[in-house]
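# Close look at the chain arrangement
What follows is each chain in one-letter form.
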Amino acid sequence: QYIKILLNLINLSRLIRKHTPDIVYTNTTSVISGAICSKILGVPHVWHIRENKVTFNLRYIFPFALMRLAISSLSTKAIFVSNLALESFGFIANDHLQVVHNGICVNDFIKKCYNKNRSSTVKLVTIGSLTDRKGIDILLQALTRINEKLDYHIDFWGNGDINKINEYKSYIIN
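Basis of the calculations
Residues numbered from 1 in each chain as written. Predicted model: local features only at pLDDT ≥ 70, side-chain atom pairs only at ≥ 80, totals over all residues. Heavy atoms only, no water. Helix = DSSP H or I, 4+ residues; strand = E, 2+ residues; numbered from the N terminus. Buried < 20%, exposed > 50% of the residue type's maximum accessible area, 1.4 Å probe, protein only. Contact = heavy atoms within 4.5 Å. Areas by Shrake-Rupley, 256 points an atom, 1.4 Å probe, with all protein chains shown as cover. Core = buried A, V, L, I, M, F, W, Y, C linked by side-chain atoms within 4.5 Å. Phe/Tyr/Trp six-rings, centres within 6.5 Å; stacked < 30°, edge-to-face > 60°. Pairing = 2+ DSSP bridges. Axes fitted to C-alpha atoms, helices over the stretch in contact; angles between N-to-C directions. Patch = residues over 30% accessible without salt bridge, like charges linked within 9 Å, V, L, I, M, F, W, Y side chains within 5 Å. Salt bridge = Lys/Arg side-chain N within 4 Å of Asp/Glu carboxyl O. Polar contact = N/O pair within 3.5 Å; in protein donor to acceptor, adjacent residues only side chain to side chain.

### Description of the overall build of the chain
Scanning the chain from N- to C-terminus turns up eight helices and six strands. Its helices and strands taken in sequence order, the chain reads α-β-α-β-α-α-β-α-β-α-β-α-β-α from the N to the C terminus. Expressed as a percentage of the 174 residues in the chain, the buried residues total 44%. Looking at the chain alone, contacts between residues at least 24 apart form 62% of all its contacts between residues at least 6 apart. In the structure as shown, the chain presents an accessible area of about 9900 Å², 55% of it carried by carbon and sulfur atoms.

Following this line, the structure appears as structure tokens:
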């Protein structure tokens, strides 16, 4: 199983180098590879954590203490959907680890992470299953509500129904 993880890290690193996203977004704690590769390659990483150890009785590939360390040290920002999610990992909210119930003010975050010297288009990649329960529609709706005009390109990396991408395109208003 660890060999699969290593191969996944190698492949994901190649993809990140090739596509040079400005931000990597991971929407589950069960996928650690996006955070690891982002850290190694110096790309800002956002971890959007919906799970909590109490309700889901989570079991990770790595021991819980290592997952907790990964969340706190590999991401640029970790967003938890509830206080229960945050506290179940033994964290206290701060600038790096925040509870955001159903959204985030992305204007300042995009400005902070976006390297204007690269191009006029922000490149975002989301890593995770292409399913409704992952909230990609919410991410896309949030991008359309950014106060300033923002050119962006989104890549979807993950398994699932490829037809979902066409459905997601309906959210994008540029």
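### Things to note about unusual backbone geometry
Glycine aside, residues mostly have negative phi angles, and peptide bonds mostly take the trans form. Positioned with a positive phi, T20 is a non-glycine residue whose angle comes to about 40°. On the basis of relative accessibility, which here comes to 32%, the residue T20 falls in the partly exposed class.

### What about the nonpolar core?
Judged by nonpolar contacts, the single largest core of 26 residues is most densely connected at I16, I32, W47, I71, F80, F91 and L97. Looking at this core, the elements with two or more residues in it are α1 (2–19), α2 (33–41), β2 (45–49), α4 (64–74), β3 (77–80), α5 (83–88) and β5 (121–127). For F91, the contacting residues outside a window of four places in its chain are R68, I71, S72, F80, L86 and L97. Counting 17 residues, the second largest nonpolar core, distinct from the first, contains V100, L124, L140 and I165.

### Focus on the packing of aromatic side chains
Within the structure shown, the criterion is met by three aromatic pairs. Pairing F89 with F91 gives two aromatic rings, centres 6.2 Å apart and planes at 15°, and the pair type is stacked. The pair F89 / F91 is uniform in exposure class, with both members buried. Among the aromatic residues, ring-to-ring pairing joins F80, F89 and F91 into one connected group.

### Digging into the pairing of β5
Among the seven residues in β5, five count as buried, and that is most of the element. The pairing of strand β1 (residues 23–26) with β5 spans four bridges and is classified as parallel. From the neighbouring strand, Y25 faces β5, where its bridge partner is T126.

### Here's the deal with the environment of H48
The residue H48 is located in strand β2 in this model. Residue contacts for H48: discarding those within four places in its chain leaves Y25, T26, N27, T28, I79 and V81.

### Focus on the sheet that holds strand β6 (residues 151–157)
Either a parallel or an antiparallel arrangement is found when strands of a sheet pair, and the pairing is made through backbone hydrogen bonds. Taken in spatial order, the six strands of this open sheet run β4-β3-β2-β1-β5-β6, and their pairing is parallel. Where the open sheet ends on each side, the last strands, each with one partner, are β4 (97–99) and β6. On average, each strand axis in the sheet is inclined to that of its neighbour by 20°, with strand direction left out of account. Pairing of β5 with β6, which is carried by seven bridges, proceeds in the parallel orientation. From the neighbouring strand, T126 faces β6, where its bridge partner is F156. Contacts from α1 reach β1, β5 and β6, with the element oriented near 160° to β6. Those strands touched by α4 are β2, β3 and β4, and its axis lies near 135° from that of β2.

### Details of a nonpolar patch on the surface
Together, I3, L6, L7 and I10 give the surface a local cluster of nonpolar side chains, amounting to about 390 Å² of exposed area. Within the secondary structure layout, I10 lies in helix α1.

### Observations regarding the environment of H45
Looking at the element boundaries, H45 is found in strand β2. Residue H45 is classed as buried on the basis of its relative accessible area of 0%. Considered as a pair, H45 and L74 are 29 residues apart in the sequence and their alpha carbons are 7.6 Å apart. For H45, the contacting residues outside a window of four places in its chain are V24, T26, G34, A35, S38, L74, S75, T76 and K77. Among the polar contacts made by the side chain of H45, one reaches the side chain of T26 at a distance of 2.7 Å.

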